[in-house]
Every structure is written in structure tokens, then in C-alpha cells.
Amino acid sequence: MTARSFLKRKFLFVILLLSILILPLLSPSPYLIHIITFIFIWSYITTVWSYMGRFHLVSLGHGAFLGIGAYISILLFNDYNISPWIGMLLGGMGAALLALILGYACFRFGVIGDYFALVTLALGELVALMIDAFRNVTGGSLGMTLKSVGTSFYYLQFEKEIYYYYISLLFLIFGLFLWQIIDRSRIQKALRAIGEDEIAAASIGIRIVRYKLFITLISAFLTATGGVLYTQYMTYVNPETLSGMGVSLAIPFKAILGGMFHVWGSTIGTAMIVSLEEYIRIMYGARFIGISQVFYGALLVALIIFLPKGLYGTLSDYWHKRNDRRASKIEVRLS
Amino acid sequence: MEQLILSATLNGVLLGGVLALLVFGLNLIFGVVKIIHLAYGQFVMLGMYVIFFLVTTYKMNIFIASIISCIILGLLGILLQMIVINPLLKSPRLNQLLALAGVIIIFENMAMVLWGADYRGIKLLLPVIHFGSLFVRTSYLVAFIGAILTLLALTLFLNRTYVGIAIRATAQDLDSIQLMGINPKWVYLITQATGGILSGIAASFFMPIYAVHPHFGSAFTLMAFIIVILGGMGNFLGGFISAFIIGVVTSISAVLTSTEIADSIDLIIFILIMLVRPQGLLGIRESR
């Protein structure tokens, strides 16, 4: 990257950030703020999912981590009045513990690729079933409502949505920042080698199990914190929206359609999917119930077929190609 | 208590027959086209709705309705292969999986639009058979016999006909069959059609047992996958046997604890099998 394009990119980034920061002050409709907050939270979760996904560690069970984080935190808060910040930490640790057990077993026995995806899919469903099974504690499929304490930073509860807007933005920025840190570290190189060919990576002395566990634990922990954030914002949890197959598949959907090999991919994918969902729901939802969802599903399938690298991936490929072509044209002219 | 467990075991065996029906098509598609057909349960769901619709609206005989639904599902399988799977044959596995998850959204909501969210069933009066003090539901028994007959028919088809042998060859070695002059695209289409017909057969036998609703399929898809993996992907006999294992385990643990715990036990078995013996009980280990 040349110095000029680097500066240009920085400049664009600063403008984007500023406009996002200022936006709520212009007092747009609360609905818009709600949607954007929603996009931030899910972008954060999708981004931490793609920490693993980009190294071909495709997990279809992140719902398990979301559910564990959310339920640990909400139970601690409702029953023992423990701050969700601590709940976030403990929930994250719970999720990380689960990830440690399953991850160690999987990586130790060499469960990779499709097999890993199927095992994690079962894990997500397992957690959802467990939440259902212990219904006298968790409320089962009826879900649970967060106790209300008014506005309190300590209890991570606010009456105005604007607070959630900024807090979830902070989380998202942290997620993206951590991506950059991982991207520049040795870990990324090791994991990429493992993702390409495990046996070859092992033969040159890369500790496969250790590296894979490391990234899985981070991803699980952060996903659980995302679950807590979501709970605090929605003030309601149920196993369907947080664990189980539906949400576990919805996360990779967003990552894939954005382009999971790029920092911005997950965010762009989430923004696209959430706005698409909302647009279809509002435009057609009231007139033809159900048809709007058929439409949405068809659109998702079409996007997967025609944009296999995701929106960001495809666009940046196109961009690079165009730049290359331009560069070669200039060279021709010079010669 | 012993009586309870004994009858649970018997019902588990019969449930195994019902589950085995579900697994045949999935196993075939898994083995030949090598995709994880996430929307298979939704095929069964649509098949049941078609039967329901034909029987209640057109007052059709349930047998004819079942045959028509098999044909429709076969065509749907071909359509799915042509529109969704063919363009994705060479893309990463995750993309195929998510495309099929999109298909689930389409199918479920289509059923919701066409038939509403209510539970729909056909009332069939079948006698209850009892051996001593053990009671057996006739609908389960019929499904059980149906599963065995379907397995026989499928084995004959795969072993005795040219097309069947081509399908098996495709499952074994994709490169060689192309040298032998078989077009894999056609084999895939035929496999999908067969898979669709098999899901139609499953739907026909499910009709007297379950009431159908738009989310009916998803309850069975994961269960079906557990069985397929347990028996070894693409292995029919293994799938058949493990259907009975899962059936008995589910049935007994549901009696002893609750249905959620029973389902969790199935999932834990599944995860353990994946860790220790990913090729399944009867599968042959491939190099990974």
C-alpha cells in the first residue's frame, strides 16, 4: 500500500467514525438508533466469530456461547443482584470453559472441517436443550426478563437507547481492534498455516492444538460478552433467539455475506443482512405475512451463489483488479 | 418399572424404524452428492403438507396422495439440485451449508403462507395392537415395516440396476466414473430425485403418526444427522442399525427423565462418536 492510499484510508475511517459518533446528536428517529445499535451488537458477535472462521475453523455453534454468557449473567443479576459487568466476565469464562473442553477434545482427536462444523452445530443445539430442560431455573422456552433498575452504569441498564448505542459501538471497535492485533501477530501466521494444511504445519513445529485452542477461547469468551450485551439491551432472553440452530447459522451467514477474511467484512455483512431484514419486514411484512420471509430466504440463497466471497471480498477483489489494470495502463503509457 | 422400560424398549425399536425411514434419503445424498443436506427435514414437512392438502381438499385416497407427494418431492429435489446446489458444487462447504439454511427459510415460510401455522393432521382410525400388557401403536408398526421394505427396495435399486450401480460408483470415485463415461451431473440429479422420493415415502408413513406444522422439519433434521453420522456417512445398513440404537436410547431415556434430556443424550452420543470414531460404527475410515 502506498503512503498516499494509506492516508486516504485513514481519512475515510476518521470521517466514518465521526459521522457515527455525531449521528445520534442530530436526533434522528429512535427506530434508526435502535437498528444501528442492533447492527453494532451483531457486528461485534460476527466479528469475533470470524476470528475463528477466517482460519477455516468454522463453528456453527456460537449460539452455545451466546446462550451461556447471557444466561449466566442474567441469572446472577436477577437472583443475586450481581452486576452484569461481573456477569459478563463470569459468563465469558463459562463459555470459554465449554470451548476449552470441546475444543481440546476436537483438536486433540483431529476433528476438522465438516466434522468440526457438525460437532459445534450439535453443541449449540445441546445448550438450547439444556436451557429448556432446566426450566425451573431458566424459565425454559418462555424466556426470562431482566429485572429493571432504571439507569445505572454499574448495572449496565439505561432508560435511553443512546447509551447502548455508544457502548455497543465501543465493543465493536474493540472487536475490530483486536482483529488487527491478531492479524499482525505471529498467531495469525501460525493459524493460517494450520488452516491451509494441518499436517504440514505440524511438521514444521507449529503447536496446532495450542494455537487453535487459543483463538477458540478468545472467540468464545468474547461471543459470550456479546450475548450479555444483547441481553442488557433487549432486557429479555429466550433459548430460541440466543442459542440453537437458528442463531448459530445466522452468525456465519452475516460473516460469509460480508466477507469473513477482511476486518470490515463481518460489519458490512451484518449491516447488509439486518437492513435487508428490516426493509423487507417493513415494506412487505404487513401486506403478505410470510411471503416477505420467503423473499428474504431466496435473496440469501442468491447472494451466497453470486457473491461467494461476500460483499466486501468481491468488491475489494474488483477494486484491486481495476487498480492493477490502471497501473499497467500507466506503465504502458510511460514506456 | 420393568414393565415401563420393556414397553419403552419396544416403542424405541419401532421409533427406530420411523427414524430409519427419515435417514435413507439423507444418507444417499450425503454419500453421493457429498453435501450436508440441511433442508431434508423440510422436504418431509412439505411432503406431509402435500398429502394433507390432497386428502382434505380433494378428498383423495391417502395412498394416491402419498404417491403424488413422492413425485412432487422428487421433482423438488431435482429443482433444488439445479438451482441451488449445482452452482455451489465447487464452493466451500460452509457456503453450501448456508445456502441450504436459506432454503429452509424459504420452505418453512412457504408452508406458513400456504397452510398457516396450525398443527395439521389426518385422522386415521387404526387399532391398537397389544401383546400381553404391552401396547403397540399400529401406525408405528406400519412405518417400521415400511422402513424395512424401503431398505430392501433401495438395496435392489442400488445393486441391480445400471443407474443404481452408477450412483454407487459416483459415491466411491468421482474421477474414475467420468473416465467410464458417466456424467456426474446426471447422477446427482437422479440421486436428488431419489432422495426426494425417499423423503416423500417418509412423509407418507409419518402422516398417521405426527401432526405437521411449518417447523416440523427442523426437529428431525438434527436427529437424522446424528443417525447418519453414527452409522457412517453413506452406509445404509449402518444408518439402519443406528436408527434403532438412537430410537431405543431416546425412548428409554425419555421415560426415565424428560424429552429434553433424552435429546441431549443423543447429542452427547453424537459428539462423542464424532470425536472417537468419526467414520461411524460401520463406516470405513477414509484418509482425512
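Residues numbered from 1 in each chain as written. Chains lettered and ligands numbered in written order. Predicted model: local features only at pLDDT ≥ 70, side-chain atom pairs only at ≥ 80, totals over all residues.

For the rest of this paragraph, the subject is the overall build of chain A. On a plain count of helices and strands, chain A comes out with 15 helices and 2 strands. Each of the three principal axes of chain A carries a C-alpha extent, and together these read 75 × 55 × 40 Å. Of all 335 residues assigned to chain A, the portion counted as buried reaches 45%. (Helix = DSSP H or I, 4+ residues; strand = E, 2+ residues; numbered from the N terminus. Buried ≥ 20, exposed ≤ 12 C-beta atoms within 10 Å, placed from the backbone.)

In this section: the overall build of chain B. For chain B, the count of helices and strands is 11 helices and 2 strands. Helices and strands appear in chain B in the N-to-C order α-α-α-α-β-β-α-α-α-α-α-α-α. Once the C-alpha set of chain B is aligned to its principal axes, its extents read approximately 60 × 50 × 35 Å. Looking at chain B residue by residue over its 288 residues, the buried ones come to 49%. Long-range pairs, those at least 24 residues apart, make up 76% of the contacts in chain B between residues at least 6 apart in sequence. (Contact = placed C-beta atoms within 7 Å.)

We now examine helix α10 (residues 236-256) of chain B. Helix length check: α10(B) (21 residues) gives 30 Å between terminal C-alpha atoms against 30 Å at 1.5 Å per residue, within 8%. Summarising the contacts, the buried residues of α10(B) are in contact with α1 (2-32), α5 (138-160), α9 (216-231) and α11 (259-276) of chain B. (Expected span 1.5 Å × (residues − 1).)

The next point concerns the confidence of the model for chain B. Detailed reading of the predicted model is not advised wherever pLDDT is low. Residue and element names in this part refer to chain B. Looking at chain B, the pLDDT average stands at 85 and 98% of residues meet or exceed 70. At the low end of the mean pLDDT range in chain B sits strand β1 (residues 128-131), at 75; at the high end sits helix α3 (residues 62-85), at 92. Quick note on the complex model: pTM equals 0.87, ipTM equals 0.82. (pLDDT = per-residue confidence, 0-100.)

This part is about the interface of chain B and chain A. Taken together, the contact pairs 34 residues of chain B with 33 residues of chain A. At the level of elements, α4 (93-115), α9 and α11 of chain B are the ones that each hand at least two residues to the side of chain B that touches chain A. No other element matches α4(B), which puts 14 residues into the side of chain B that touches chain A. Of the residues that constitute the side of chain B that touches chain A, the class distribution is 24 nonpolar, 7 polar and 3 charged. (Nonpolar A, V, L, I, M, F, W, Y, C, P; charged D, E, K, R; others polar.)

So, about the pairing of β1(B). Residue and element names in this part refer to chain B. Where β1 lies against strand β2 (residues 134-137), 4 bridges are found, and the strand directions are antiparallel. Of the residues in β2, the one forming a bridge with H130 is F135. What sits between β1 and β2 in their antiparallel hairpin is a turn of 2 residues, with G132 showing a positive phi close to 60 degrees. (Pairing = 2+ DSSP bridges.)

This part covers the environment of S204(B). All names here are of chain B. Checked against the element boundaries, S204 lands in helix α8 (residues 184-206). In this structure, the C-alpha to C-alpha distance between S204 and I177, residues 27 residues apart in sequence, is 34 Å. Setting aside its immediate chain neighbours within four residues, S204 contacts I51, S66 and S69.

Residues and elements named next belong to chain A. Following both chains from N to C, one finds helix α8 (residues 186-196) and helix α10 (residues 208-234) inclined at 115 degrees, their axes separated by 10 Å at the closest point. Taken as axis vectors, α8 and α10 run roughly perpendicular relative to one another. As for the relative orientation of α8 and α10, their crossing is left-handed in sense. Across the interface between the two elements, I187, A190, L191 and I194 of α8 pack against I208, Y211, K212, F214 and I215 of α10. Here the contact of α8 with α10 is composed, by residue class, of 8 nonpolar, no polar and 1 charged. (Axes fitted to C-alpha atoms, helices over the stretch in contact; angles between N-to-C directions. Parallel < 35°, antiparallel > 145°, perpendicular 65-115°, else oblique. Left-handed = near helix turned anticlockwise from the far one by under 90°.)

With that settled, the discussion passes to helix α13 (residues 265-284) of chain A. The end-to-end C-alpha distance of α13(A) is 28 Å, a good match for the 28 Å that 20 residues give at a rise of 1.5 Å each. Those residues of α13(A) that sit buried are G265(A), S266(A), T267(A), I268(A), G269(A), T270(A), A271(A) and I273(A).

With that out of the way, let us pick up the environment of Q81(B). Residue and element names in this part refer to chain B. Take Q81: it is sitting in helix α3. Placed 37 residues apart in sequence, Q81 and D118 show a C-alpha to C-alpha distance of 30 Å. Those residues in contact with Q81 that sit more than four places away from it in its chain are N86, Y188, L189 and Q192.

What follows deals with the environment of Y188(B). Residue and element names in this part refer to chain B. With respect to the element layout, Y188 can be found in helix α8. Among the residues examined, Y188 registers 23 C-beta atoms within 10 Å and is labelled buried. On a C-alpha basis, the gap between Y188 and I167 in space is 8.1 Å, while along the polypeptide they are 21 residues apart. Residues within four places of Y188 in sequence aside, it is in contact with V33 and Q81.

Residues and elements named next belong to chain A. At a minimum axis separation of 7 Å, helix α12 (residues 244-258) and α13 run at an interaxial angle of 110 degrees. As summarised for this structure, α12 and α13 are arranged roughly perpendicular, according to the angle between their axes. Counting all contacts with α12, which are made through F253, K254, A255, L257 and G258, the residues of α13 involved are G265, S266, T267, I268, G269, T270, M272 and I273. When grouped by side-chain class, the residues that make up the contact of α12 with α13 number 6 nonpolar, 6 polar and 1 charged.

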